[in-house]
Amino acid sequence: MTLWTDLSPLPFRIEYVDAKGVPTRTLRAGDPTAEAVVFLHGTSGHLEAFSRNVAAHAAYDLHALDMLGHGYTGKPDRRYEIADYVDHLLAYLDAVGVERAHIVGESLGGWVGARAAIEHPERILSIQLLCAGGTVANPEVMDRIRTSTKKAVESDDMDLTRQRLRLLMADEADATEELVEIRHAIYHTPEFVANVDNLLSLQDMERRQRNILRPEDLARITCPTLIVWGRKNPFGEVPEANRMHENIPGSELVLFDDCGHWPQHEQAGQYNPISLAFIAKAAA
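Residues numbered from 1 in each chain as written. Predicted model: local features only at pLDDT ≥ 70, side-chain atom pairs only at ≥ 80, totals over all residues. Heavy atoms only, no water.

1. What about the environment of Leu62?
Here's step 1: Structurally, Leu62 can be placed in strand E4 (residues 61-65).
Here's step 2: Residues Leu62 and Met142 lie 80 residues apart in sequence; the distance between their C-alpha atoms is 31 Å.
Here's step 3: If we skip the residues at most four places from it in the chain, Leu62 touches Leu27, Arg28, Ala29, Val37, Phe39, Val54 and His57. (Helix = DSSP H or I, 4+ residues; strand = E, 2+ residues; numbered from the N terminus. Contact = heavy atoms within 4.5 Å.)

Following this line, the structure appears as structure tokens:
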């Protein structure tokens, strides 16, 4: 299977949307008259992280974004904090005329989705936190993210990009060569190279601490919330997911065996039906 065969069952388009001056790459698919589902990737990621999920969710108005400073989206020259990502998300929704959306956020995307649900509950129908970041500040994990990303960006050696992607997966075969080539091309655009420290800024301890999601923050989430976690997640152990579940009222928790940091990709066959059932229930 390739990204193209993942997407081929349905019409889709890639376009650039002006989100308050930030050109934002987005994949659009599905039913534009239905409720919106927005996919948000992780740190240094890009919209292709959700290629195995688009066709399954085609009953909805689908939006998979390159987030602020990521992929081929615009890269303002400043150190990004969670409020910047939330502002960009809301600017995008405003630009495409979406009043409320179901947010599916992996890693950094989950952190952003959770903060949006806390601060702007009127805009968020539900959130999915897929191995979401933002509730802990583990220096070892932060250094692993920073070091592996910078090595892959600063060297033209494709094997370093391959290693960066394999770090996310329980089974390295899920880091397909197609994904490696896509990420390598993104990592080596001049704009991405110049911006890499901005998008890694939340790996700085002081900055991370002032952006962290604390238990009292999570307790303010009122929309339906699904937490999905891999038991082999290299960036966060299961107790982290359990604490999120305990702190978010009424949340649901699903744990996948043989799964790392990309449950929507690694275990798409299990994940997609769970996601669809959750969204349907949230929309009821």
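2. Here we look at the pairing of strand E1 (residues 12-19)
Here's step 1: When E1 meets strand E2 (residues 22-30), the two strands line up antiparallel, connected through 8 bridges. Each residue of the ladder has a partner; that of Val17, found in E2, is Thr24.
Here's step 2: The loop that links E1 with its antiparallel partner E2 comprises 2 residues; one of these, Lys20, has a positive phi angle of about 50°. (Pairing = 2+ DSSP bridges.)

3. Let's talk about helix H10 (residues 238-247)
Here's step 1: Taken together, the buried positions of H10 are occupied by Val238, Glu240, Ala241 and Met244. For H10, the angular spread of buried residues about the axis comes to 160°, placing them on one side.
Here's step 2: On the buried face of H10, the contacting elements are strand E6 (124-130), helix H9 (215-218), strand E7 (225-230) and strand E8 (252-256). (Buried < 20%, exposed > 50% of the residue type's maximum accessible area, 1.4 Å probe, protein only. Arc of directions from axis to C-beta.)

4. Focus: the packing of aromatic side chains
Here's step 1: In total, this model carries 4 aromatic pairs according to the counting rule given.
Here's step 2: Ring plane angle 40° and centroid distance 6.1 Å describe the contact between Trp4 and Phe12, whose orientation is recorded as tilted.
Here's step 3: On the accessibility criterion, Trp4 (56% relative accessible area) is exposed.
Here's step 4: Ring geometry for Tyr80 against Tyr85: centres 5.8 Å apart, planes inclined by 70°, an arrangement best described as edge-to-face.
Here's step 5: For Tyr85, a relative accessible area of 3% puts it in the buried group. (Phe/Tyr/Trp six-rings, centres within 6.5 Å; stacked < 30°, edge-to-face > 60°.)

5. A closer look at helix H12 (residues 268-283)
Here's step 1: If you check H12, its first and last C-alpha atoms are 22 Å apart, about what 16 residues at 1.5 Å a residue would give, namely 22 Å.
Here's step 2: Residues of H12 that are buried: Ala268, Tyr271, Asn272, Ser275, Phe278 and Ile279. On an axial view of H12, the arc spanned by its buried residues comes to 135°, and they lie on one face. Set apart from the buried face of H12 by more than 90 degrees, the exposed residues are Gly269 and Lys281. (Expected span 1.5 Å × (residues − 1).)

6. Quick word on the pattern of salt bridges
Here's step 1: Under the criterion given, the structure shown has 24 salt bridges.
Here's step 2: The salt bridge involving Glu119 is made with Arg115; its shortest N-O contact spans 3.1 Å. Here Arg115 and Glu119 lie together in helix H3 (residues 108-119), a separation of 4 residues that amounts to about one turn.
Here's step 3: Taking the relative accessible area as the measure of exposure, Glu119 reaches 39% and is therefore partly exposed.
Here's step 4: It is possible to trace a salt-bridge network through shared partners that takes in Arg13, Glu15, Arg28 and Asp61. (Salt bridge = Lys/Arg side-chain N within 4 Å of Asp/Glu carboxyl O.)

7. Thoughts on unusual backbone geometry
Here's step 1: Positive phi values are uncommon outside glycine, yet Ser107 reaches one of about 55°.
Here's step 2: Along the polypeptide, Ser107 turns up in the loop between strand E5 (101-106) and H3.
Here's step 3: Residue class for Ser107 comes out buried when judged on its relative accessible area of 12%.

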